[in-house]
Amino acid sequence: MGINLTPIDRVDTISKEDFVNNYLKPRKPLVIRKATESWPALQKWTFDYLKETVGDKTVPLYDSSKADPSKPINASAAEMKFADYIDLIQKEPTDLRIFLFDPIKHAPGLLDDYRAPSDLMGGFLDKYPNMFFGGAGSITFMHYDIDLAHIFHTHFNGRKHVILFDNKWSERLYKIPFATYALEDYDIENPDFAKFPALDGIEGIEAFLEHGDTLFMPTGYWHWMKYLDGSFSISLRAWDKSWAIKAKSLYNLTIQRKFDDVMKKNFKNRYMDWKEQLAIKRAGKALAEGEPR
């Protein structure tokens with residue numbers, strides 16, 4: 001049976017009424033091709049331009065290795081000058097990524113180069129939006145964002161493959177307890193269904209983002225991303241209006257994260273092994289019971 005992936009809806013432009021009624025309220029992903037037409041960044045944000053504005057900063061780099069519970073959360077695999085990293089991802093494939101470094105903080109002039117899509121919705125959060133960089137072949141593992149924000153994710157200077165799943169598939173995706181990421185031992189592009197049978201029959205959606213494409217990811221959507229070229233993206237985040245989701249976000253960021261950090265620090269591999277086994281057990285149960293219904 002396999003994993004059933006269908007294309008994410010794509011439009012050139014969309015009215016606020018259509019967006020709210022057909023995508024925001026039902027929490028349905030969408031790719032908007034021309035949301036960035038008015039952005040100076042669309043033409044301005046070349047690799048050379050970013051090197052000129054941020055190039056001398058040393059940045060942490062992250063690879064595709066499985067998380068090591070003996071190390072602090074989000075421990076980097078390497079460091080490099082930003083300009084040297086940009087040269088690297090233009091020259092050759094690499095699994096090294098940047099995801100916890102915000103160039104805009106170091107070059108505030110970049111703030112003038114993009115526009116939040118406030119014509120579609122309100123509630124945008126970040127003064128300094130997140131930017132993400134990756135080399136060809138680098139992968140962002142399956143996860144959903146801990147703060148449960150809506151995300152407008154715009155891609156630049158290359159292509160990116162994106163696979164999304166509604167949060168209702170969490171258990172079947174082998175969600176790790178007390179976390180917002182999935183078991184890292186399977187390849188969602190080519191899963192071993194004998195080893196991970198709960199993945200067989202799950203339903204998701206996918207898109208291939210190109211320069212200037214904006215992906216709307218509603219709150220709680222699982223996402224996996226693969227850079228097909230050395231390229232980068234910017235994510236603009238907005239609150240969902242639901243107070244229940246805001247409360248869950250606060251819980252994730254405080255109680256759940258603190259509990260998980262304490263347990264990792266004190267029990268390391270024993271705790272992580274227990275969590276992974278529980279994820280496998282819950283996935284098997286969900287499969288046996290035909291979840292989600």
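Reading guide: rules and limits
- Residues numbered from 1 in each chain as written.
- Predicted model: local features only at pLDDT ≥ 70, side-chain atom pairs only at ≥ 80, totals over all residues.
- Heavy atoms only, no water.
- Pairing = 2+ DSSP bridges.
- Helix = DSSP H or I, 4+ residues; strand = E, 2+ residues; numbered from the N terminus.
- Axes fitted to C-alpha atoms, helices over the stretch in contact; angles between N-to-C directions.
- UniProt positions renumbered as here; feature names shortened; annotations may be inferred.
- Buried < 20%, exposed > 50% of the residue type's maximum accessible area, 1.4 Å probe, protein only.
- 1 Å grid on protein atoms, 1.4 Å probe; cavity = no way out; pocket = protein on both sides within 12 Å on 5 of 7 lines; lining within 4 Å.
- Points joined across faces, edges and corners; volume = space filled by probe spheres on them.
- Nonpolar A, V, L, I, M, F, W, Y, C, P; charged D, E, K, R; others polar.
- Core = buried A, V, L, I, M, F, W, Y, C linked by side-chain atoms within 4.5 Å.
- Contact = heavy atoms within 4.5 Å.
- Phe/Tyr/Trp six-rings, centres within 6.5 Å; stacked < 30°, edge-to-face > 60°.
- Lys NZ or Arg CZ within 6 Å of the ring centre and 35° of its normal.

Caption draft 1: Looking closely at the sheet that holds strand E11 (residues 203-209). One open sheet accounts for five strands, arranged E1-E11-E10-E13-E8; its pairing is mixed. Pairing within the sheet leaves two strands with one partner each, and these edge strands are strand E1 (4-7) and strand E8 (139-143). Each strand of the sheet is rotated relative to its neighbour by a mean of 20°, with strand direction disregarded. With three bridges joining them, E8 and strand E13 (residues 222-227) adopt antiparallel strand pairing. In the sheet register, Thr140 faces E13, and the bridge partner there is Met225.

Caption draft 2: Layout of the UniProt feature "domain: JmjC" (unreviewed entry) in the protein. The residues that UniProt annotates with the feature "domain: JmjC" (unreviewed entry) are residues 91-255. The distance separating the terminal C-alpha atoms of residues 91-255 is 43 Å; by composition the span is 11% helix and 30% strand.

Caption draft 3: Region of the structure containing the pairing of strand E10 (residues 160-165). Within E10, six of the six residues are buried, which leaves the element mostly enclosed by the surrounding structure. Strand direction decides the pairing type here: E10 and E11, joined by five bridges, are antiparallel. From the neighbouring strand, His161 faces E11, where its bridge partner is Phe208. Here E10 runs beside E13; their pairing, made up of six bridges, is antiparallel. Residue Leu164 lies in a different strand from E13, and its bridge partner there is His223.

Caption draft 4: Examining empty space enclosed by the protein more closely. Throughout the structure, instances matching the rule amount to two cavities of 30 Å³ or more. As for the largest cavity, its lining consists of Ala35, Trp39, Arg115, Pro117, Phe152, Thr154, Thr214 and Leu236. Quantified by volume, the second largest cavity comes out at close to 30 Å³. Forming the walls of the second largest cavity are Tyr144, Asp145, Ala149, Ile151, Met217, Pro218, Gly220, Tyr221 and His223. For the lining of the second largest cavity, a count of residues per class yields six nonpolar, two polar and one charged.

Caption draft 5: Structural view of the nonpolar core. In this structure, Phe19, Trp45, Phe82, Tyr85, Phe133 and Ile234 are the most contacted members of the largest nonpolar core, which totals 39 residues. When contributions to this core are tallied by element, the ones reaching two or more residues are helix H1 (16-24), strand E3 (30-32), helix H3 (47-54), strand E4 (58-61), helix H4 (82-91), strand E7 (130-134), strand E9 (150-156) and strand E14 (231-238). Element by element, the count of residues in this core is highest for H4, at five residues. Once residues within four sequence positions are removed from consideration, Phe82 is found in contact with Leu50, Lys51, Val54, Gly55, Lys57, Val59, Ile98, Phe101, Pro103 and Phe133. By size, the runner-up hydrophobic cluster in this structure holds 28 residues, among which are Leu148, Phe165, Ile188 and Trp222.

Caption draft 6: How the structure looks around the packing of aromatic side chains. According to the stated counting rule, one finds 20 aromatic pairs in the structure shown. Pairing Phe19 with Phe216 gives two aromatic rings, centres 4.9 Å apart and planes at 70°, and the pair type is edge-to-face. Of the two residues, Phe19 is situated in helix H1 and Phe216 in strand E12 (residues 214-217); the sequence distance between them amounts to 197 residues. Given the relative accessible area of 0%, Phe19 is considered buried. Residue classification places Phe216 among the buried residues on the basis of a relative accessible area of 0%. Taking 6.0 Å as the distance between ring centres and 55° as the angle between the ring planes, the aromatic pair formed by Tyr174 and Tyr186 counts as tilted. Note that Tyr174 is positioned in the loop between E10 and E11 and Tyr186 in the loop between E10 and E11, a separation of 12 residues in sequence. For the pair formed by Tyr174 and Tyr186, the shared burial category is buried. One aromatic cluster is present, built from ring pairs that chain together Trp39, Trp45, Phe47, Phe82, Tyr114, Phe133, Phe156 and Phe232. Just above the ring of Trp243 sits the side chain of Lys246; from NZ or CZ to the centre is 4.8 Å.

Caption draft 7: Spatial organisation of the side chain of His143. Mapped onto the elements, His143 comes out in strand E8. Setting aside chain neighbours within four positions, we find His143 in contact with Thr180, Tyr181, Tyr221, Trp222 and His223.

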